[in-house]
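Descriptive analysis of the structure
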Amino acid sequence: MSDQSKRTVVITGGSRGLGRAVCLSFAGPDTHIFFNYASSSKSADETQRLITEAGGSATGLQVNVASEKEVSDFFKKILEETGRIDVLVNNAGITRDGLLVRMKEKDWDDVLDINLKGAFNCTKIAAKSMMKQRFGRIINITSIVGVTGNIGQVNYVASKAGLIGLTKAAAKELASRNITVNAVAPGFIKTDMTASISEKVKDLMMKHVPLGRPGEPEDVAGVVAFLASESAAYITGQVIHVSGGMYI
């Protein structure tokens, strides 16, 4: 039996880091959050607890976004429970860094499958529901390197650049149904993914950030929440950089 009294928000890769911050930015009594995680149920349980403490409700499920069937089953469950999808945030992403000439085919495929194909799988299904209800907000988490490029990340850069293209094309296709599609491009944000970077590399990156500090996950989450709000109803097909001025 569906409950359409609450806004339904779907966030991929929501169990930790940036995804968790995005989940918490939507937490409230009028919203039910669904998020997926790849492997760590412990992190997912913690995210669910934090959302509940913030006054919201959440459901976390282990879903491989690269699998069309698993994504289909995920959204089927969501629609059975709520009857609608109001917001989709495609945040799930992985890295398998390496120089172009040394990169293994599997490292290329794994990154493109999760980062780009995963967003395609989720957007395709969510858009069908949004088109019927003639409303929707889709926000894709890309990266500053999807615009600038980066040494040792041809797979990751290609996936994030592709996500920008997907954003712009989908925005044009879905606009007539009152569905906006935008992207957020974080710069250097303090997450588990960036924690492993050496201090030398971090210092080098900070020299290119006019604000002189790394960003917090909440800096990105706030922009995502804005793009999902009525205040952003006339914004679509855009890439908003959250990078401390790293790309001007």
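Bear in mind that the values here come from a model prediction, so they are computed numbers and not experimental data.

Quick notes on the rules
Residues numbered from 1 in each chain as written. Predicted model: local features only at pLDDT ≥ 70, side-chain atom pairs only at ≥ 80, totals over all residues. Heavy atoms only, no water. Salt bridge = Lys/Arg side-chain N within 4 Å of Asp/Glu carboxyl O. Helix = DSSP H or I, 4+ residues; strand = E, 2+ residues; numbered from the N terminus. Buried < 20%, exposed > 50% of the residue type's maximum accessible area, 1.4 Å probe, protein only. 1 Å grid on protein atoms, 1.4 Å probe; cavity = no way out; pocket = protein on both sides within 12 Å on 5 of 7 lines; lining within 4 Å. Points joined across faces, edges and corners; volume = space filled by probe spheres on them. Core = buried A, V, L, I, M, F, W, Y, C linked by side-chain atoms within 4.5 Å. Contact = heavy atoms within 4.5 Å. Pairing = 2+ DSSP bridges. Axes fitted to C-alpha atoms, helices over the stretch in contact; angles between N-to-C directions. Arc of directions from axis to C-beta. Phe/Tyr/Trp six-rings, centres within 6.5 Å; stacked < 30°, edge-to-face > 60°. Parallel < 35°, antiparallel > 145°, perpendicular 65-115°, else oblique. Left-handed = near helix turned anticlockwise from the far one by under 90°. Nonpolar A, V, L, I, M, F, W, Y, C, P; charged D, E, K, R; others polar. Polar contact = N/O pair within 3.5 Å; in protein donor to acceptor, adjacent residues only side chain to side chain.

Regarding the pattern of salt bridges
For the structure on display, the rule yields nine salt bridges. The closest approach of N and O atoms between Lys69 and Asp73, which form a salt bridge, is 2.8 Å. One end of the pair, Lys69, and the other, Asp73, are both in helix H3 (residues 68-82), four residues apart, so they sit about a helical turn from each other. Residue classification places Asp73 among the partly exposed residues on the basis of a relative accessible area of 38%.

Considering the layout of surface pockets
Here the second largest pocket defines a volume of roughly 190 Å³. Along the walls of the second largest pocket sit Phe120, Thr123, Lys124, Ala127, Leu166, Ala169, Ala170, Glu173 and Leu174, which together make up its complete lining. Sorting the residues of the lining of the second largest pocket by element identifies helix H4 (105-133) and helix H6 (154-174) as the ones contributing at least two each. A total of five residues in the lining of the second largest pocket trace back to one element, the largest contributor, which is H6.

Description of the nonpolar core
Counting 28 residues, the largest nonpolar core has Ile11, Phe26, Val89, Ile139, Val184 and Val224 as the members making the most contacts within it. When neighbours within four sequence positions are excluded, Ile139 is seen to be in contact with Val87, Leu88, Val89, Asn90, Asn182, Val184, Val224, Leu227 and Ala228. One finds Leu88, Ile114, Ile125 and Ala126 within the second-largest nonpolar core, a separate group that totals 25 residues.

Quick word on the sheet that holds strand E3 (residues 57-62)
Reading across the sheet, the seven strands line up as E3-E2-E1-E4-E5-E6-E7 and stay open at both edges, with parallel pairing between neighbours. The sheet is open, and its two borders are formed by E3 and strand E7 (239-242), each paired with just one other strand. Each strand axis lies, on average, 20° off the axis of its neighbour in the sheet, ignoring direction. Running over the sheet, helix H2 (residues 41-53) touches strand E2 (31-37) and E3 and is turned about 170° from E2. Sheet strands in contact with H3 are strand E1 (7-11), E2, E3 and strand E4 (87-90), and its direction is about 165° off that of E2.

Notes on helix H9 (residues 217-227)
Residues of H9 that are buried: Pro217, Val220, Ala221, Val223, Val224 and Leu227. All buried residues of H9 project into a common sector of 160° when viewed along the axis, lining one side. Packed against the buried residues of H9 are helix H1 (17-26), E4, strand E5 (136-141), strand E6 (179-186) and E7.

A look at the packing of aromatic side chains
Evaluation of the coordinates by the stated rule reveals one aromatic pair. Relative to Phe75, the ring of Phe74 lies with its centre 5.5 Å away and its plane at 70°, an arrangement referred to as edge-to-face. Across this residue pair, the class does not change: Phe74 and Phe75 are buried.

Let's talk about the packing of H1 against H2
Closest axis-to-axis distance for the H1/H2 pair is 9 Å, and the angle between their directions is 25°. Taken together, the axes of H1 and H2 lie roughly parallel to each other. In this structure, the crossing between H1 and H2 has a hand that is right-handed. Contacts between H1 and H2 involve Arg20, Cys23 and Leu24 from the first element and Ser43, Glu46, Thr47, Leu50 and Ile51 from the second. Class assignment for the residues of the contact of H1 with H2 results in four nonpolar, two polar and two charged.

What about the side chain of Arg137?
Structurally, the position occupied by Arg137 is in strand E5. For Arg137, a relative accessible area of 1% puts it in the buried group. Within the structure, Arg137 has its side chain in polar contact with the side chain of Glu230 (distance 3.4 Å). Setting aside chain neighbours within four positions, we find Arg137 in contact with Asp86, Val87, Leu88, Met130, Asn178, Thr180, Leu227, Ala228, Ser229, Glu230 and Ala233.

A few points about the packing of H3 against H4
A pair of packed helices is characterised by two quantities: the angle between their axes and the separation of those axes. Interhelical geometry of H3 versus H4 gives an angle of 30° and a closest axis separation of 9 Å. Considering only the axes of H3 and H4, their crossing is right-handed. Contacts between H3 and H4 involve Glu68, Val71, Ser72, Phe75 and Leu79 from the first element and Asn121, Cys122, Lys124, Ile125, Ala126 and Ser129 from the second. A class-by-class count of the residues in the contact of H3 with H4 yields six nonpolar, three polar and two charged.

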